[in-house]
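Close look at the chain arrangement
Letter by letter, the chains look like this.
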Amino acid sequence: QPLRSNSEYYKNGNIPWINSGEVNQQFIVSTENFITEKGIEESSAKFFPRGTILVAMYGATAGKVSFMDMEACTNQAICAIMPFESVDSYYIKFGLEALYNYLVNLSTGSARDNLSQDLIKELNFIMPSGQYLASFFNIVNPLYKKILVNLKQNQQLASLRDWLLPMLMNGQVTVKEMEEKLDSLGEFNQSIAAEPQAEYHK
């Protein structure tokens, strides 16, 4: 991980940074922390595309699996798995989640802090034929797209609440202005499912 003591790695950073604690979430649609390009270049941080599956390897979240619905960076504390085909993604995610107890037993140390990428690479994973994978994906994908849209809407609502509540209490905004803001948020939420997510490009 880029050194916290070096402000050049974090100040005004716009590249999402995922820590191992965030892998406890089923889906990652945002991050609390951001780093700079210099933070990537001068550390072991790796940049991964949307659709990457993450497996936490250290600490209390070791063995937890998450799906990344955004482009972001992480480090060696998290194993990143990039399916060859998008239709494989959910099946692999569910399969790894089913192996959670097995993964925990593979790890060593009192804090389950030694689940390595080599151990994950050596896993035997049975994949069904393309026809069955495609059928599974066609059933699951619409459901999880809806979940992702809901997560992003909840995020926007929480952000709006945090912005509006102090202003309402201080009389800096009226109820009418708040309603107008909510209307604009509704239009934004409708666009989430219709438009591709903006991606970071180096």
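Data block above holds the structure.
An account of the accompanying structure is given in this report. (Residues numbered from 1 in each chain as written. Predicted model: local features only at pLDDT ≥ 70, side-chain atom pairs only at ≥ 80, totals over all residues. Heavy atoms only, no water.)

Examining the overall build of the protein chain
On a plain count of helices and strands, the protein chain comes out with six helices and eight strands. Starting at the N terminus and walking to the C terminus, you meet the elements of the protein chain as β-β-β-α-β-β-β-β-β-α-α-α-α-α. Counting only residues that meet the buried cut, the protein chain has 37% of its 202 residues in that class. In the protein chain, the proportion of contacts linking residues at least 24 apart, taken out of those at least 6 apart, comes to 67%. On the protein chain, roughly 12,100 Å² of surface is accessible, and the fraction owed to carbon and sulfur atoms is 52%. (Helix = DSSP H or I, 4+ residues; strand = E, 2+ residues; numbered from the N terminus. Buried < 20%, exposed > 50% of the residue type's maximum accessible area, 1.4 Å probe, protein only. Contact = heavy atoms within 4.5 Å. Areas by Shrake-Rupley, 256 points an atom, 1.4 Å probe, with all protein chains shown as cover.)

Focus on the sheet that holds strand β5 (residues 53-56)
Consider a sheet: its strands pair through backbone hydrogen bonds, and that pairing is either parallel or antiparallel. The sheet built from four strands is open, its strands ordered β2-β6-β5-β8 with mixed pairing. A strand with exactly one partner marks an edge of an open sheet, and here the two such strands are β2 (27-28) and β8 (78-81). Bridge count for β2 against strand β6 (residues 65-68) is two bridges, and the pairing is parallel. By the bridge assignment, Ile28 is partnered in β6 with Met68. (Pairing = 2+ DSSP bridges.)

Some thoughts on the side chain of Thr74
Considering the arrangement of structural elements, one finds Thr74 in strand β7 (residues 72-74). Overall, Thr74 belongs to the buried group, its relative accessible area being 1%. A polar side-chain atom of Thr74 sits 3.2 Å from the main-chain carbonyl oxygen of Ile18. (Polar contact = N/O pair within 3.5 Å; in protein donor to acceptor, adjacent residues only side chain to side chain.)

Quick look at the pattern of salt bridges
Overall, the coordinates contain five salt bridges when judged by the stated rule. Its salt-bridge partner being Lys38, residue Glu8 comes within 2.7 Å of it at the nearest N-O pair. Of this pair, Glu8 sits in the segment before β1 (15-17) while Lys38 sits in helix α1 (residues 37-41); the two residues are 30 residues apart in sequence, bridging distant segments of the chain. The closest approach of N and O atoms between Lys152 and Asp69, which form a salt bridge, is 2.8 Å. Placement of the pair is Lys152 in helix α5 (residues 130-169) and Asp69 in the loop between β6 and β7, with a sequence separation of 83 residues. (Salt bridge = Lys/Arg side-chain N within 4 Å of Asp/Glu carboxyl O.)

None of this, on its own, says anything about what the molecule does.
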